[in-house]
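# Breakdown of the fold
Now for the letters of each chain:
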Amino acid sequence: MSTVAAISTPRGKGGVALIRISGEDAVSVCRKVFAPASGKDITEYPAGRAVHGYFRDKDGNFDDGLAYLFLSPRSFTGEDTAELCCHGGTLVQEKLLRACFWAGATPAGAGEFTRRAYINGKITLSQAEAVGGLIDAHTEKHLEVSLRQLDGNISKKIDEICSSLILTAATVYAYIDYPDEDMTDMSVSEMAQRLTDAKNKLLSLAGTHKYGKAISEGIPTVIAGKPNTGKSTLMNLLCGTDRAIVTDIAGTTRDVITEQVKVDDILLNLADTAGIRESDETVEAAGIKRSIKEIEKASLIIAVFDGSTPFTDEDEELITLLEDKKDRVIAVINKSDKGCEVKTPFAECVYMSARTVDGFEALKEKIRLFAGQADINTEDIIVSARQYGAIERAIENIDDALTALNGFTQDIAGECIERAISALGEIDGRTATQEIVNEIFSHFCVGK
Ligand SMILES: Nc1nc2c(ncn2[C@@H]2O[C@H](COP(=O)(O)OP(=O)(O)OP(=O)(O)O)[C@@H](O)[C@H]2O)c(=O)[nH]1
Ligand SMILES: [Mg+2]
């Protein structure tokens, strides 16, 4: 494989920048662009030892810094690797990267180093995704979950389930091939029990995905209601800043205002919207259209009502609009500091004041419940939609295998178990297609 180089630290000016080189010519590229201050050759130092020296190109030295080598197979990528730490000036970094190209390296693609680690068997696909998670994490929980995944915890759980499925498939095939012989001590009901156990383990893993998504991508959330109920005041409270304009004039918010906020470890991709009412005014009507679009898109709808006055037709219309979305609604009866006169038909309902913050904790608790936090009794949480999809497919195939076993069509049961094993194999990459692998690494940054 060619030798690649990239700047691994963020673009722009900084104290120090790191350039990574990986591939069979990494050592020669490093020797060409770096000369130890001691006058020795960098290969005379033990691998991993940081060496002080000078960076140079065809015109001579232009910076000083540190370099170190990791030799195959004992490196992150499994290949010979050099890491160069130069000063973090924009020109210096660019010059050093160009020098690496001059010395024989080619530019690394997005996620190239992690991709090579995967190809060289240093990490599984699930661990590669965990590296992505560590970089992308906005919440402590996402960080914690990614670290466990990097340690191979999810892979270990999946491996155990796979081993049990492989044994069951082998037993099923033994029954088909040698029906009259006592090839195994596992009865059909024991096979079914094994399949059910595997399915239950997978169901409990799949059940963590809702929370996994909430701590990583965030929940698309809309704050909706008629004008003047306190939607923007609530938006600002959730943001912790004066993000949206608040006035006592109905129809203050015109456009959709978005912000990502954290409720503990849960991310909300919030949209504050224009109050919904009949309006002939062009700008307001356009804003209201957008509000309705946001409601349709959202996974969580925070419907805000003014609890200090009786419901009007506009509130009733909103309730009708949300009729088929009730399981996504948390109703907020706002302005509780002015007394409360209303009740909503929504199961999840909070009485609060966005002004005095009274009742805000109860809203946060409802959000945590909505995100599935209460259902989590494991540290192994499925964050990746890809892994979730593979688990779901495995469950479907196990279900089919159970049906086939009950119907005494054991050959079909065997095929279904094999399909389940293959779906699970995608998680750590054993059976992943090239498209899946490309898709995963396309989300990484250059230099990782
Ligand atoms: N007493 C009281 N007033 C509140 C509360 N929340 C908001 N208000 C007031 O209600 C008025 C409207 O608040 P906004 O947050 O602008 O309401 P909105 O729902 O965003 O209104 P539109 O953007 O016009 O749809 C402002 O005067 C707020 O100060 C509350 O909990 N208690
Ligand atoms: Mg508003």
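The coordinates are above.
Description of the structure in this document. (Residues numbered from 1 in each chain as written. Chains lettered and ligands numbered in written order. Predicted model: local features only at pLDDT ≥ 70, side-chain atom pairs only at ≥ 80, totals over all residues. Heavy atoms only, no water.)

### Remarks on the pairing of strand β8 (residues 219-224)
Quick reminder of the rule: Exposure classes here rest on a 1.4 Å probe applied to the protein chains alone. A residue is buried below 20% of its type maximum, exposed above 50%, and partly exposed in between. Comment: elements are numbered from the N terminus, with helices defined as DSSP H or I runs of at least four residues and strands as E runs of at least two. By definition, two strands form a pair when at least two bridges between them are found by DSSP.
Of all six residues in β8, five are buried; the element is thus mostly enclosed. As defined by bridge partners, β8 adjoins strand β10 (residues 266-272) across five bridges and the pair is classed as parallel. If you follow isoleucine 219 over to β10, its bridge partner there is leucine 268. In terms of strand pairing, β8 meets strand β11 (residues 300-306) through four bridges, oriented parallel. What sits directly across from alanine 224, in β11, is alanine 303.

### Here's the deal with the site of ligand 1
Rule in force here: Only heavy atoms are used to decide nearness, and a residue is near a molecule or strand if one of them lies within 4 Å of it. In protein, a polar contact requires one atom able to donate a hydrogen and another able to accept it; more generally it is a pair of N or O atoms within 3.5 Å, and residues adjacent in sequence count only if both atoms are side-chain atoms. Note on residue categories: nonpolar means Ala, Val, Leu, Ile, Met, Phe, Trp, Tyr, Cys or Pro, charged means Asp, Glu, Lys or Arg, and polar means any other residue, Gly included.
Surrounding ligand 1, one finds 23 residues, the nearest of these being Lys231, Thr233, Gly251, Thr252 and Asp337. Take asparagine 334: an N or O atom from its side chain is 3.1 Å from a nitrogen atom of ligand 1. Arginine 355 has a polar side-chain atom sitting 3.0 Å from an oxygen atom of ligand 1. In terms of residue count, helix α9 (residues 231-239) provides more of the shell around ligand 1 than any other element does, three residues in total. Among the residues making up the shell around ligand 1, the classes are represented as five nonpolar, 12 polar and six charged.

### Details of the sheet that holds β10
Going by this rule: A fitted line through C-alpha atoms serves as each axis, taken over the contacting stretch for helices, and the angle formed by two N-to-C directions is quoted from 0 to 180°. A contact between two residues is defined here by any heavy atoms of the two lying within 4.5 Å.
Overall, mixed pairing links the six strands, which are arranged β9-β10-β8-β11-β12-β13 in an open sheet. Two strands lie at the open edges of the sheet, namely β9 (257-263) and β13 (349-351), each paired on one side alone. Strand after strand, the sheet turns through a mean of 25 degrees between neighbouring axes, direction not considered. As defined by bridge partners, β11 adjoins strand β12 (residues 329-334) across six bridges and the pair is classed as parallel. By the bridge assignment, aspartate 306 is partnered in β12 with asparagine 334. Running over the sheet, helix α12 (residues 360-370) touches β8, β9, β10, β11, β12 and β13 and is turned about 175 degrees from β12.

### With respect to the packing of aromatic side chains
Heads up, the rule is: Any pair of Phe, Tyr and Trp rings, taking the six-membered ring for Trp, is counted once the centres come within 6.5 Å. Such a pair is stacked with planes under 30 degrees apart, edge-to-face with planes over 60 apart, and tilted for the rest. Criterion for a charge above a ring: Arg CZ or Lys NZ at most 6 Å from the ring centre, at most 35 degrees from the ring normal.
All told, the structure shown has five aromatic pairs when counted by the stated rule. On the basis of an interplanar angle of 35 degrees and a centroid distance of 6.3 Å, the ring pair of tyrosine 118 and phenylalanine 441 is categorised as tilted. Of this pair, tyrosine 118 sits in helix α3 (residues 112-119) while phenylalanine 441 sits in helix α15 (residues 434-442), placing them 323 residues apart in sequence. Phenylalanine 441 shares its class with tyrosine 118; the two are buried. On the numbers, 5.2 Å between centres and 40 degrees between planes, the contact of phenylalanine 305 with phenylalanine 311 is tilted. In this structure phenylalanine 305 comes out as buried when scored by relative accessible area, which is 0%. Aromatic rings pair up to connect Phe305, Phe311 and Phe346 into one cluster. A cation over a ring is seen here: lysine 40 above tyrosine 45, with NZ or CZ 5.0 Å from the ring centre. When the ring centre of phenylalanine 370 is taken as reference, the NZ or CZ atom of lysine 210 above it lies at 4.3 Å.

### Digging into the coordination of the magnesium ion (ligand 2)
As a reminder of what qualifies: Distances define the donors: N, O and S atoms within 2.8 Å of the metal qualify, as do those within 3.2 Å of Na, K or Ca. Water is excluded, so some sites may look unfinished.
For the magnesium ion (ligand 2), the full set of protein donor atoms is Ser232 (OG) and Thr253 (OG1), at a range of 2.0 Å. Of this pair, serine 232 sits in helix α9 while threonine 253 sits in the loop between α9 and β9, and the two are 21 residues apart along the sequence. Residue serine 232 shares its accessibility class with threonine 253, and that shared class is buried.

### Examining the environment of serine 2
By the element assignment, serine 2 lies in the segment before β1 (4-7). In this structure serine 2 comes out as partly exposed when scored by relative accessible area, which is 42%. For the pair serine 2 and alanine 105, spaced 103 residues apart in sequence, the C-alpha to C-alpha distance is 7.5 Å. Residues within four places of serine 2 in sequence aside, it is in contact with Ser22, Gly23, Thr106 and Arg116.

### Quick look at the pattern of salt bridges
Defined as follows: By convention in these notes, a salt bridge is any Lys or Arg side-chain nitrogen within 4 Å of a carboxyl oxygen on Asp or Glu.
This model, assessed by the stated rule, comprises 29 salt bridges. One salt bridge in this structure joins aspartate 399 and lysine 199, with 2.8 Å as the shortest N-O distance. Of this pair, aspartate 399 sits in helix α13 (residues 385-406) while lysine 199 sits in helix α7 (residues 188-206), and the two are 200 residues apart along the sequence. On the basis of relative accessible area, aspartate 399 is assigned to the partly exposed category, the value being 29%. Accessibility expressed as a relative area gives 19% for lysine 199, which makes it buried. With its nearest N and O atoms 3.0 Å apart, the salt bridge here joins glutamate 348 to lysine 366. Residue glutamate 348 is located in the loop between β12 and β13, and its partner lysine 366 is located in helix α12; the two are separated by 18 residues in the primary sequence. Residue classification places lysine 366 among the partly exposed residues on the basis of a relative accessible area of 22%. Each of Glu79, Glu112 and Arg116 takes part in a single network of salt bridges with overlapping partners.

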